[in-house]
Amino acid sequence: KLLREEHREQQNKKEEEENVEMTPGFFPVSDGAKQLIDEANLLLRQGADSDSKIEALENLIGIDHPDILPTIELALNDEDPVVREVALDAIMNINSEEVVPIVVKALDDPEPDLRLVSLDALMDVKSASINDALQKAMKDESEEVREGVMDLLFISENPAALPTIKTAFTDSSPAIREGALMCIEDIRDKGAVDILIYDGMLSDYEDVREASKEALEFITDEEFETYDEAKAWWNKNRDSFEF
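Scoring rules and cut-offs
- Residues numbered from 1 in each chain as written.
- Predicted model: local features only at pLDDT ≥ 70, side-chain atom pairs only at ≥ 80, totals over all residues.
- Heavy atoms only, no water.
- Helix = DSSP H or I, 4+ residues; strand = E, 2+ residues; numbered from the N terminus.
- Expected span 1.5 Å × (residues − 1).
- Buried < 20%, exposed > 50% of the residue type's maximum accessible area, 1.4 Å probe, protein only.
- Contact = heavy atoms within 4.5 Å.
- Salt bridge = Lys/Arg side-chain N within 4 Å of Asp/Glu carboxyl O.

## A closer look at helix α13 (residues 206-220)
Phase 1: Across its 15 residues, α13 extends 21 Å between first and last C-alpha, which sits within 8% of the 21 Å expected from 1.5 Å per residue.
Phase 2: All of the buried residues along α13 are Val-208, Ser-212, Ala-215, Leu-216, Glu-217, Ile-219 and Thr-220.
Phase 3: Summarising the contacts, the buried residues of α13 are in contact with α11 (174-185), α12 (190-200) and α14 (227-237).

Dropping the structure here:
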């Protein structure tokens, strides 16, 4: 009897795990939400006045579902920056990699404030696809937008963004290079150590070389005099190293 009960418990656990894997990330939107999406889409396509479009887009805030994204993309073409801003407000809590193409589009906005705001939609997106948007933002002419990338990554501590942090090590702004080093210290991933050694300690910028050495010593609790010494230690200990 005990064996049967144990077997039943194992089967139930297995079924629960399978159900979790099969559960979609998003359930279908309600009929009411679908109607709000259709109304906003129609007003945008008909070229309604700004107040009507803004009100319709405000009705999408809180739906937090990828089904609104085609409408948001359409709104980002609007000539009124307030319409575009409200459209971005509606995607802030979707938390899916499906928002990445929308943010990439928003990074072409003529208003630097809106380009900056769009990055917030990536806060809880853990997919490596966020680098499509972040790398584009790192090329922005506005230093404030580039600093916004560092602010985002400092808060999110997202290992998926390591390629963008690596790019920031080469930024012309000392503040952004410093921000990148602050970000990487808090990422518990061996890829972060790789970047500190192979990019940071070999950087063309003295500030990056010095800070990378300090960050590496902080993370590993070791002391290194040279790049070769750090590289040799890491090659020996990488596989067994634990944060």
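## Regarding the environment of Ala-90
Phase 1: Turning to its location among the elements, Ala-90 is positioned in the loop between α5 (81-89) and α6 (100-106).
Phase 2: As for Ala-90 and His-65, which are separated by 25 residues in sequence, their C-alpha atoms are 9.4 Å apart.
Phase 3: If we skip the residues at most four places from it in the chain, Ala-90 touches Leu-57, Leu-60, Ile-61, Asp-64, Ile-68 and Ile-72.

## Some thoughts on the pattern of salt bridges
Phase 1: Taken as a whole, this structure holds 10 salt bridges when the rule is applied.
Phase 2: Of the charged contacts, one joins Asp-109 and Arg-84 as a salt bridge, the two residues approaching to 2.5 Å between their closest N and O atoms. Here Asp-109, found in the loop between α6 and α7 (112-118), pairs with Arg-84, found in helix α5; they are 25 residues apart in sequence, far enough to count as distant.
Phase 3: A relative accessible area of 8% places Asp-109 in the buried class.
Phase 4: Given a relative accessible area of 5%, Arg-84 falls into the buried group.
Phase 5: For Lys-136, the salt bridge identified is with Asp-108, shortest N-O distance 2.9 Å. Of the two residues, Lys-136 is situated in helix α8 (residues 130-137) and Asp-108 in the loop between α6 and α7; the sequence distance between them amounts to 28 residues.

Shape descriptors only; they carry no functional weight alone.
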